[in-house]
Amino acid sequence: DVIERALELCHYHVLKSGVRLEKQLEPRLPHVLGTASQLEMALINLVVNAIQAMDGEGVLTVSSSRRDQEVEISVADTGPGIPDEIRATLFEPFFTTKPEGKGTGLGLSTVLMVVEHHRGRIDFTNAAGTGTTFRMALPLAPVS
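So, how was this worked out
Residues numbered from 1 in each chain as written. Predicted model: local features only at pLDDT ≥ 70, side-chain atom pairs only at ≥ 80, totals over all residues. Heavy atoms only, no water. Salt bridge = Lys/Arg side-chain N within 4 Å of Asp/Glu carboxyl O. Helix = DSSP H or I, 4+ residues; strand = E, 2+ residues; numbered from the N terminus. Buried < 20%, exposed > 50% of the residue type's maximum accessible area, 1.4 Å probe, protein only. Core = buried A, V, L, I, M, F, W, Y, C linked by side-chain atoms within 4.5 Å. Contact = heavy atoms within 4.5 Å. Pairing = 2+ DSSP bridges. Axes fitted to C-alpha atoms, helices over the stretch in contact; angles between N-to-C directions.

Student: How should I be thinking about the pattern of salt bridges in this particular structure?
Tutor: Once the charged atoms of two side chains with opposite charge are near each other, the side chains can pair. Counted under the stated rule, the structure contains 6 salt bridges. For Glu-72, the salt bridge identified is with Arg-67, shortest N-O distance 3.7 Å. We note a salt bridge from Asp-123 to Arg-135, for which the minimum N-O separation is 3.4 Å. Of this pair, Asp-123 sits in strand S4 (residues 121-127) while Arg-135 sits in strand S5 (residues 131-139); the two residues are 12 residues apart in sequence, bridging distant segments of the chain. The exposure class of Arg-135 is buried, given its relative accessible area of 18%.

Student: Just to check I follow, could you spell out the nonpolar core for this structure?
Tutor: For soluble globular proteins, the rule of thumb is that nonpolar side chains tend to be buried together. Ranked by size, the top nonpolar core spans 33 residues in total, and within it Leu-60, Phe-134 and Met-136 carry the most contacts. Broken down by secondary-structure element, the contributors of at least two residues to this core are helix H1 (2-9), helix H3 (36-54), strand S2 (59-67), strand S3 (70-77), helix H4 (107-117), S4 and S5. Among the elements that make up this core, the one with the highest residue count is H3 (8 residues). Setting aside anything within four residues of it in sequence, one finds Met-136 in contact with Ala-42, Leu-43, Leu-46, Val-71, Glu-72, Ile-73, Val-111, Val-115, Arg-121 and Ile-122.

Student: Hey, could you run me through the sheet that holds S3 in this one?
Tutor: Within the open sheet, the 5 strands sit side by side as S1-S2-S3-S5-S4. Their pairing is mixed. Whereas interior strands pair on both sides, the edge strands pair on one side only; in this sheet they are strand S1 (20-25) and S4. The mean angle between the axes of side-by-side strands here comes to 15°, regardless of whether they run parallel or antiparallel. Where S3 lies against S5, 8 bridges are found, and the strand directions are antiparallel. Paired with Ser-74 across the strands is Arg-135, a residue of S5. Contacting S1, S2 and S3, H1 crosses the sheet at an angle of about 170° to S1. The strands touched by H4 are S4 and S5; relative to S4, the strand with the most contacts, the crossing angle is about 140°.

See the structure below:
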């Protein structure tokens, strides 16, 4: 539900951007323990960054699955990828590659803060010229 709500909030941005959205969401995933609005915000940040990276063309793929005792949510783009020289600073507050007035540099640092607050992990894979995939792994909620 959180993923669908985040994508609905991004719907206009996706349409306006010209990118194609593909969803590969596993039905009936187990629950994670967390604050829905914070997780939505983290997903929105990842989706918006992916859309901006593709600059008007490409495919945005949002997927979810269960991996052992975690739910994994992936946001993948077919943009140019992340240059090697900035990979180490990507999650730092106020770091941005966008022109002045187009970004604050808080998106990925906020995503990291939200994921860590939920005792999860975030990582990314990157291939120059073929895109980037960010993966959030969040622990399952205890079964009661």
